[in-house]
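Below are the chains, spelled out letter by letter.
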Amino acid sequence: MNKDKLPAASPSFPIVGIGASAGGLTALEQFLSHVPHHCGLAIVVVQHRDPHSEGMLVELLQRHTPMPVQQVADQMMVEPDHVYVIPPGFDMSLLRGVLHLFEPTEARGLRQPIDFFFKSLADDRQHNSIGVILSGMGSDGTLGLRAIRQAGGAAFAQTPSSAQFDSMPRSAIDADVVDAVAPADELPAKVIAFVKRIRLVGDVQAQIEAEFQRSAAGFLDKILVLLRTHTGHDFSSYKKNTIMRRVERRMGLHQLSRIDDYLRYVRENPKEVELLLGELLIGVTSFFRDPQVWEQVRRDVLPTLQANYPDGATLRAWIPGCSTGEEAYSLAMLFRESLDTISTSQRYKLQIFASDLDKDAISRARAGVYPPAISADVSEARLRRFFVPEGAGYRVSNDIREMVIFAEQNVIFDPPFTKIDFLSCRNLLIYLESGLQEKLLQLFHYSLISGGCLLLGSSESVGSASVLFSPLPGKNRIYRRLDLPAHALPAGMPAAFDAVAARLPGLALRSQGSSAVAPDLQMLVERLVLEQFAPAALLVSGKGEMLYFSGKTGKYLEPAIGKPSLNLFAMAREGIRQALNEVFYLSVRENRPTTLKRVRIDTARPAQYVDIAVQPLSEPVAMNGMVLVVFRDVAAPRPPKRHAPVDASASDGQRIEAALQELQHAREDARSTREEMQTSQEELKSANEELQSTNEELQSTNEELTTSKEEMQSMNEELQTINSELQLKVAEVSRAGNDMRNLLDSTEIAILFLDETLHVRRFTPSTARIFKLIPGDAGRSITDIVCDLDYPGLGGDAQDVLRTLVFKESDVAAAGGRWFKVRIMPYRTHDNRIDGLVITFVDISVSKKLEAELREAQARLQTLMADPNSRKAGHGVP
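Below or above, wherever it landed, is the structure these notes cover. (Residues numbered from 1 in each chain as written. Predicted model: local features only at pLDDT ≥ 70, side-chain atom pairs only at ≥ 80, totals over all residues. Heavy atoms only, no water.)

**Some remarks on the overall build of the chain**
What counts is decided by this rule: Per the convention used, a helix needs a DSSP run of H or I reaching at least four residues, while a strand needs a run of E reaching at least two, with both numbered from the N terminus. The rule is simple: take the accessible area with a 1.4 Å probe, protein chains only, and divide by the maximum for that residue type; under 20% is buried, over 50% is exposed, in between is partly exposed. Residue contacts follow a heavy-atom distance rule, with two residues in contact if any of their heavy atoms lie within 4.5 Å. A 1.4 Å probe and the Shrake-Rupley method give the accessible areas. Residues count as covered only by the protein chains that appear here.
Counting its regular elements, the chain contains 24 helices and 30 strands. Buried positions account for 43% of the 878 residues belonging to the chain. Considering only residue pairs separated by 6 or more positions, the chain has 63% of its internal contacts joining residues 24 or more positions apart. For the chain, the exposed surface amounts to about 47,400 Å²; the carbon and sulfur share of it is 54%.

The structure is reproduced here in structure tokens:
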């Protein structure tokens, strides 16, 4: 084909992509053996193959199918009833029905060629895309099958128990991206049944559309009722075309041609309702999907949000429709990377709320375990930093996992998260009716704080809600929330949003009169009370590490001598330190508030007293496990009224002095014990850091071993493929040898094979009747073996033939009156190289005997003709 001109559009026939590893040859042969010749399908085989070995895959597969099998060349047009095989050492993609080859950029152990092709197949063929996963190691193909199902195609997998290597089909099945599971020889029938359904829809499309116009409203209402009854979710605001496409796909898998038949099937099989729900909730997600979007978030959005809080803060993000959590974890990783570029004196945290309607997807997101195929989307550096290898995949590290809170939520009906700095909702709005889209955009405006950012999918926009958001520069759909007065809000905004908007800073109430300025007064009064009258307070961890200061705490705390520390007990002033030691751990251990009255600050002059309240926190969830310490200044106790002096005995004074000294010693012992404990804690921290370092080294070693294991498994699969090819070659050679042996035995011609030095290489059984040969004579010179031939020049003639390459033929007598026609010819190999001689011995004894008798008769006849007397005597004979 002309490589400079691509076709305008791809043809409409289905394309079946088959993924297998090097050990899946048997499964491929079984699959192709059961595919009919004129099925109208194009089959593309993507196999893990050694890039440095050509192999015989095309020849091996051709033996099991009447369809032409060929290796793909760059920009090859796909045709129906053909089988295409990916060449070794390439990735392959499909665009408008043309196969394109790419040099792989990843290391050999990280390549996912099946996922790469399946994703392009889904984009190019949509509902005409079919993916099949057969025997293989790893998880390649799982993400590709998810893309095919999202595009409306079908996904199939081999039964793990029938696969030689079950990792690939089991990974796809565990990820719940497979429509049907069967042994390799039964999968073609299921694929063809699905294709027939697609063709049926195309052939009777007008009839189906007419029936849809007549009864679809009632049919869809019944489907929606069944969904709401069995799942509790209302899909009445979903686009009807979206629901019908999913229903048609389910009908195709069940080979049902009428919508009434499917409705009856749903009512008789409640499990089908859950499967249809899964079809409607398919999550289009992956790590760092659309890299250019994440690059703008990293470059423009996160720095802007952090700049809104110059002293540091906990940013809040919400991701509705998070599916299995890839987008939420991607944001968390990006935020951690952005912290590397700012000053460590600024304390920033990110709390991500990720919600979805699918409880199974939320469960998988909470587990945070993903297949090895994510290496195609996550860089090696991020895998090392943010993931921990677990089993055959990766688990999200604890520091990233703790940043995300997953929740099952119906974003349409359930209350939203509020005070959000960043909201990402991609590829959810496109499935909803325009009215609901507008409602959700108003909801997102309410959830975001002033200046917050909204991220939408590439096929979505704010539409009529453009007064609520302004787009950021660039092609990506990132918007900033606009602050509007109440009278400028959209008329359709729900009343609940109006009421909340009235409480937001900078927005006026819809009501008239003096209440219009109430929000500003409330804010000012609350700030004034907080700054002027609220007591000083500290938010600390359960171990006394200070997390937040409120009010003026300088009179109660002072920096400790030595290495800077934010530990409460190290910075507390004398008097407060001892008091806190007594009640802090008691309050944390018993989880109850405790208050100390009139604690004297020893370093204050004049003496100052303070009440200390210790309050363990359990709510809100973000502050669970923390402790609030409040300092409230109180007046000094009044001295007792003076009375007449009373004589006190000397012994009372001595006892008081001794008690004071004992108290002082106790305090010094407690201080010493506390210092020793702090020293021990520092030593334990140091040991813990060393253990963490050792653990990281072990994890690195484990990753290297995992990579080596994957390479060994790949090499083992390739060796098995080569072994299968060699076994087939051996079988062919054995069959050819048997054919040759039977041919030679049937002709009964004595044949002798010699090498270039005239040593015996091989001979037929008939040769033993001429030469005294036994099987052990192989390798001996032919001139050293006794023979019955009267042919002393045999060795010389053989040398002449080797030298001149011209055959020689002679009639040679043998013992017992036998004659043989001896023919000496060069032995030519397949590549036309001389590698010895072939000598044939054809028994011509009978012909020689007849020749001798003929000569004798001719001689007698000549004698009779020459002697007249003999002629007369002959005439006189009666």
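There is more to say after this.
**What to know about the packing of aromatic side chains**
Heads up, the rule is: Between 30 and 60 degrees the pair is tilted, below 30 it is stacked and above 60 it is edge-to-face, where a pair is any two Phe, Tyr or Trp rings, Trp via its six-membered ring, whose centres lie within 6.5 Å.
Tallied over the full model, the rule gives 17 aromatic pairs. Residues phenylalanine 102 and phenylalanine 116 carry aromatic rings whose centres are separated by 6.0 Å and whose planes lie at 80 degrees to one another, so their mutual orientation is edge-to-face. Here phenylalanine 116 lies in helix α3 (residues 113-125) and phenylalanine 102 lies in strand β7 (residues 98-102), a separation of 14 residues in the sequence. In this structure phenylalanine 116 comes out as partly exposed when scored by relative accessible area, which is 37%. Where tryptophan 318 meets phenylalanine 417, the ring centres are 5.6 Å apart and the plane angle is 65 degrees; that geometry is what we call edge-to-face. Residue tryptophan 318 is located in strand β11 (residues 312-320), and its partner phenylalanine 417 is located in the loop between β16 (404-408) and β17 (420-425); the two are separated by 99 residues in the primary sequence.

**Structural notes on the pattern of salt bridges**
For the record, the criterion: The working definition used for a salt bridge is a side-chain nitrogen of Lys or Arg within 4 Å of a carboxyl oxygen of Asp or Glu.
One pass over the full model with this rule turns up 30 salt bridges. Residues participating in the shared-partner salt-bridge network are Asp811, Lys821, Lys848, Glu851 and Arg855.

**So, a nonpolar patch on the surface**
Definition in use: Candidates for patches are residues over 30% relative accessible area with no salt bridge; among them, like charges are joined within 9 Å and nonpolar side chains (Val, Leu, Ile, Met, Phe, Trp, Tyr) within 5 Å.
A surface patch of nonpolar side chains, about 480 Å² in accessible area, is lined by Met712, Met715, Leu719, Ile722 and Leu726. With respect to the helices and strands, the residue leucine 726 is situated in helix α21 (residues 650-747). A relative accessible area of 49% means that leucine 726 is categorised as partly exposed.

**Thoughts on the sheet that holds strand β8 (residues 129-133)**
Definition in use: At least two DSSP bridges between two strands are needed for those strands to be called paired. Interaxial angle, 0 to 180 degrees, is taken between N-to-C directions of lines fitted to C-alpha atoms, where a helix line uses only the stretch in contact.
Across the sheet, which stays open at both edges, the 7 strands sit in the order β3-β5-β2-β1-β8-β9-β10 with parallel pairing between neighbours. The sheet is open, and its two borders are formed by β3 (69-71) and β10 (180-182), each paired with just one other strand. The sheet shows a mean angle of 20 degrees between the axes of neighbouring strands, direction not considered. Packing against the sheet, helix α1 (residues 25-33) makes contact with β1 (15-20), β2 (42-47), β5 (82-85), β8 and β9 (154-158), and its axis sits at approximately 175 degrees to β2. Packing against the sheet, helix α5 (residues 167-174) makes contact with β1, β8, β9 and β10, and its axis sits at approximately 135 degrees to β9.

**Re the environment of valine 297**
Its location among the elements puts valine 297 in helix α11 (residues 291-307). Distance from valine 297 to phenylalanine 335, taken between C-alpha atoms, is 9.6 Å for residues 38 residues apart in sequence. Discounting chain neighbours no more than four positions away, the residues touching valine 297 are Leu302, Pro303, Leu334, Phe422 and Ile478.

**Thoughts on the sheet that holds strand β27 (residues 760-763)**
Strand pairing in a sheet relies on backbone hydrogen bonds, with the paired strands running either antiparallel or parallel. In spatial order, the strands read β27-β26-β30-β29-β28; together these 5 strands make up an open sheet with antiparallel pairing. A strand with exactly one partner marks an edge of an open sheet, and here the two such strands are β27 and β28 (808-814). Along the sheet, successive strands turn relative to each other by an average axial angle of 25 degrees, direction set aside. Here strand β26 (residues 750-754) pairs with β27 via 3 bridges, running antiparallel. When the sheet's bridge partners are listed, leucine 752 is paired in β27 with phenylalanine 763.

**Re the nonpolar core**
Nonpolar side chains in soluble globular proteins tend to be buried together. Rule in force here: Throughout this description, the term nonpolar core refers to a set of buried Ala, Val, Leu, Ile, Met, Phe, Trp, Tyr and Cys residues connected via side-chain atoms within 4.5 Å.
Among the nonpolar cores identified, the biggest contains 48 residues, and Phe219, Leu227, Phe235, Tyr262, Phe444 and Leu454 are the most heavily contacted of them. Broken down by secondary-structure element, the contributors of at least two residues to this core are α7 (205-231), α8 (240-253), α9 (259-268), α10 (270-280), β17, α16 (434-447) and β18 (448-456). The element that contributes the greatest number of residues to this core is α7, accounting for 6 residues. Not counting the four nearest positions on each side in its chain, leucine 227 is found in contact with Gly232, His233, Phe235, Val273, Leu276, Leu277 and Leu280. Residues Val301, Ile362, Leu383 and Met403 belong to the second largest nonpolar core, which totals 42 residues.

**Examining the pairing of β7**
Of all 5 residues in β7, 4 are buried; the element is thus mostly enclosed. Here strand β4 (residues 76-77) runs beside β7; their pairing, made up of 2 bridges, is antiparallel. Residue pairing in the sheet places methionine 76 in a bridge with leucine 99 of β7. Two strands pair when backbone bridges link them, and strand β6 (residues 91-95) and β7 are joined in this way by 5 bridges, in the antiparallel orientation. From the neighbouring strand, aspartate 91 faces β7, where its bridge partner is phenylalanine 102. What sits between β6 and β7 in their antiparallel hairpin is a turn of 2 residues, with arginine 96 showing a positive phi close to 50 degrees.

**Description of unusual backbone geometry**
Even without being glycine, aspartate 81 reaches a positive phi, approximately 60 degrees. Mapped onto the elements, aspartate 81 comes out in the loop between β4 and β5. The exposure class of aspartate 81 is buried, given its relative accessible area of 18%. The phi dihedral of serine 323 falls on the positive side, at around 60 degrees, and the residue is not glycine.

**Thoughts on the packing of α3 against helix α4 (residues 142-150)**
What counts here: The scheme is simple: roughly parallel for angles under 35 degrees, roughly antiparallel for over 145, roughly perpendicular for 65 to 115, oblique for anything else.
Contact geometry for α3 and α4: axes closest at 7 Å, N-to-C directions at 5 degrees. Taken as axis vectors, α3 and α4 run roughly parallel relative to one another. On α4, the residues that touch Asp115, Phe118, Lys119, Leu121 and Ala122 of α3 are Thr142, Leu143, Gly144, Leu145, Ala147 and Ile148.

**Topic: α10**
We apply this condition: For this quantity, the arc is that covered by the directions from the helix axis to the C-beta atoms.
Turning to α10, its buried residues are Glu272, Val273, Leu276, Leu277, Glu279 and Leu280. Down the axis of α10, the smallest arc covering the buried residues is 155 degrees, so these residues share one side.

**Notes on helix α12 (residues 326-339)**
The condition is simple: One fewer than the residue count of a helix, multiplied by 1.5 Å, yields its expected span.
With 14 residues, α12 ought to run about 20 Å at 1.5 Å a step, and its terminal C-alpha atoms sit 20 Å apart, in line with that. Taking burial as the measure, the 14 residues of α12 include 11 buried ones, the bulk of the element. All of the buried residues along α12 are Glu326, Glu327, Ala328, Tyr329, Ser330, Leu331, Ala332, Met333, Leu334, Phe335 and Ser338.

**A few points about the packing of α11 against α12**
Counted only if it meets this: The handedness criterion is simple: a crossing whose near helix is rotated anticlockwise from the far helix by less than a right angle is left-handed, and one whose near helix is rotated clockwise is right-handed. For this classification, Asp, Glu, Lys and Arg are treated as charged, while Ala, Val, Leu, Ile, Met, Phe, Trp, Tyr, Cys and Pro are nonpolar and the rest, including Gly, are polar.
Relative orientation of the contacting elements α11 and α12 amounts to 60 degrees, with a least axis distance of 10 Å. In the packing of α11 onto α12, the handedness of the crossing is right-handed. On α12, the residues that touch Trp294, Val297, Arg298, Leu302 and Gln306 of α11 are Glu327, Ser330, Leu331, Leu334, Phe335, Ser338 and Leu339. Classifying every residue of the contact of α11 with α12 by side-chain character gives 7 nonpolar, 3 polar and 2 charged.

**A short note on the side chain of serine 286**
Checked against the element boundaries, serine 286 lands in the loop between α10 and α11. Not counting residues within four places of it along the chain, the set of residues in contact with serine 286 comprises Glu326, Ser330 and Asp377.

**Here's the deal with the pairing of strand β29 (residues 818-828)**
In this structure, β28 lies alongside β29, joined through 7 bridges in antiparallel fashion. Bridging from a neighbouring strand, alanine 814 pairs with arginine 818 of β29. Alignment of β29 against strand β30 (residues 834-843), held across 8 bridges, turns out to be antiparallel. Residue arginine 823 lies in a different strand from β30, and its bridge partner there is threonine 840.

**Section: the side chain of threonine 65**
Put simply, the test is: A 3.5 Å cut-off defines polar contacts: any pair of N or O atoms within that distance qualifies, except that in protein one atom must be a possible hydrogen donor and the other a possible acceptor, and neighbouring residues in sequence count only when both atoms are side-chain atoms.
Looking at where threonine 65 falls in the secondary structure, it is placed in the loop between α2 (57-62) and β3. According to the relative accessible area criterion, threonine 65 is buried, its value standing at 6%. Within the structure, the side chain of threonine 65 is placed 3.2 Å from the backbone nitrogen of methionine 67, a separation counted as a polar contact.

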